[in-house]
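A closer look at the structure
Here is how the chains run, residue by residue.
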Amino acid sequence: MKKAEYQFHSGETVREGLVRIVGTLIESALARIQQPHTHRAEDVHQVRLTLKWLRAVLWLIRPVISEADFKQETERLKKAAERLAFSRDLTVARQTVGRLLRALPEQQDAAPFKLLQRSFARQAPVQHPAAKREKALQLAASDLQETKRFLQQLRLLSERWAALEPGLREVYRKGRSRMRRALREGGDQDFHDWRTEAKYLYYQLLMLASIRPKRMGKRVKRLRALQNKLGLDHDLIILRHFLLEAPERYGGSWAVEQVMPRLNRQSKELRKQCLALGQMLFRQKPGKFVERLGQHWQEWARSSGQGPPESFAKGSVNGIDSA
């Protein structure tokens with residue numbers, strides 16, 4: 001992936017940049033669907049990542065589009081992702097057992113982990129029916145085309161920072177709030193919710209990285225590390241759910257009792273690392289965060305000849321033309 005293709009370019013308006021970035025994302029996903037690679041599972045994975053990125057774009061512009069349009073497009077993308085899940089949780093649990101097994105210290109008994117691994121192998125479906133998978137991919141292609149048409153027709157009254165600032169502030173605010181809740185409550189759902197907001201912010205800042213490449217690059221790298229660690233923790237949550245719900249399917253109570261302490265220790269360590277990263281990434285208040293980014297944007301815009309800052313014009317509602 002060439003990162004520049006997914007970032008705002010100097011000299012283009014916000015709308016032009018969004019349309020270009022979204023168009024590139026969607027065309028890449030459509031190529032995956034229509035021109036299969038050797039491993040079709042990887043095509044499915046990349047399409048699902050595109051759907052998540054597009055949802056991040058919608059959250060970025062939510063304050064400056066109608067609520068009806070936002071709900072319609074997010075629901076479309078959410079359903080497309082759900083159709084492509086293909087027994088994902090069982091696959092994740094099986095892979096997580098393998099990862100735990102490979103990471104075992106030499107002195108630790110591997111027998112219960114191997115027992116779980118064999119049990120998950122028996123539980124896993126042989127293969128998802130290719131015809132059903134292809135149908136889900138073709139439906140996703142249709143959904144992607146609809147989202148592309150929607151964004152191509154999008155009218156933003158503001159074509160500069162004012163179109164991005166409210167949505168970015170809200171996603172950052174929610175990410176900061178979810179982090180604090182995860183720190184305070186420590187529940188599985190709390191960490192999962194934080195992961196969702198961290199992922200949205202990661203994609204949004206990746207698009208904005210061109211305005212201050214060195215500084216933004218470091219923040220994007222840390223956000224990527226954060227959401228990856230939160231993802232690994234979520235994989236452990238999924239595995240724990242399977243083991244506690246039906247231990248008799250996965251080696252019995254003995255195996256589960258042997259594996260659970262290792263699983264819990266890894267989760268605790270991952271969450272400690274996530275909170276350390278999060279407190280670094282979300283230390284600023286939302287207003288200060290977007291104010292600083294806005295300054296970078298204005299400097300970048302002036303250097304590219306876009307002129308002085310723009311304010312929302314009168315007669316607009318939520319940043320869109322009310323006429």
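A brief structural summary. Just so it is clear, the model here is predicted, and its values are computed rather than measured. (Residues numbered from 1 in each chain as written. Predicted model: local features only at pLDDT ≥ 70, side-chain atom pairs only at ≥ 80, totals over all residues. Heavy atoms only, no water.)

**Side note on the nonpolar core**
Leu168, Trp194, Leu205, Leu226 and Trp297 are the most contacted members of the largest nonpolar core, which totals 76 residues. Counting residues in each nonpolar core, the second largest holds 23 residues, with Leu101, Leu236, Leu243 and Val256 among its members. (Core = buried A, V, L, I, M, F, W, Y, C linked by side-chain atoms within 4.5 Å. Buried < 20%, exposed > 50% of the residue type's maximum accessible area, 1.4 Å probe, protein only.)

**Considering the environment of Glu12**
Relative to the assigned elements, Glu12 resides in the segment before helix H1 (14-34). Looking at Glu12, the relative accessible area reads 11%, which means it is buried. Here the side chain of Glu12 touches His9 through a polar contact of 2.7 Å, landing on its backbone nitrogen. (Helix = DSSP H or I, 4+ residues; strand = E, 2+ residues; numbered from the N terminus. Polar contact = N/O pair within 3.5 Å; in protein donor to acceptor, adjacent residues only side chain to side chain.)

**Regarding the environment of Glu245**
Mapped onto the elements, Glu245 comes out in helix H9 (residues 213-245). Given a relative accessible area of 55%, Glu245 falls into the exposed group. In this structure the C-alpha to C-alpha distance between Glu245 and Ala141, which are 104 residues apart in sequence, comes to 36 Å.

**What to know about a positive patch on the surface**
Positive charge collects at one region of the surface, where Lys214, Arg215, Lys218, Arg222, Arg283, Lys288 and Arg292 lie side by side. When contributions to the positive patch are tallied by element, the ones reaching two or more residues are H9 and helix H11 (286-303). A per-element tally of the positive patch places H9 first, with four residues. Mapping Arg292 onto the fold places it in helix H11. Of the residues examined, Arg292 reaches a relative accessible area of 33% and is grouped as partly exposed. (Patch = residues over 30% accessible without salt bridge, like charges linked within 9 Å, V, L, I, M, F, W, Y side chains within 5 Å. Areas by Shrake-Rupley, 256 points an atom, 1.4 Å probe, with all protein chains shown as cover. Salt bridge = Lys/Arg side-chain N within 4 Å of Asp/Glu carboxyl O. Lys, Arg positive; Asp, Glu negative; His and termini not counted. Charge placed at Lys NZ, Arg CZ, Asp CG, Glu CD.)

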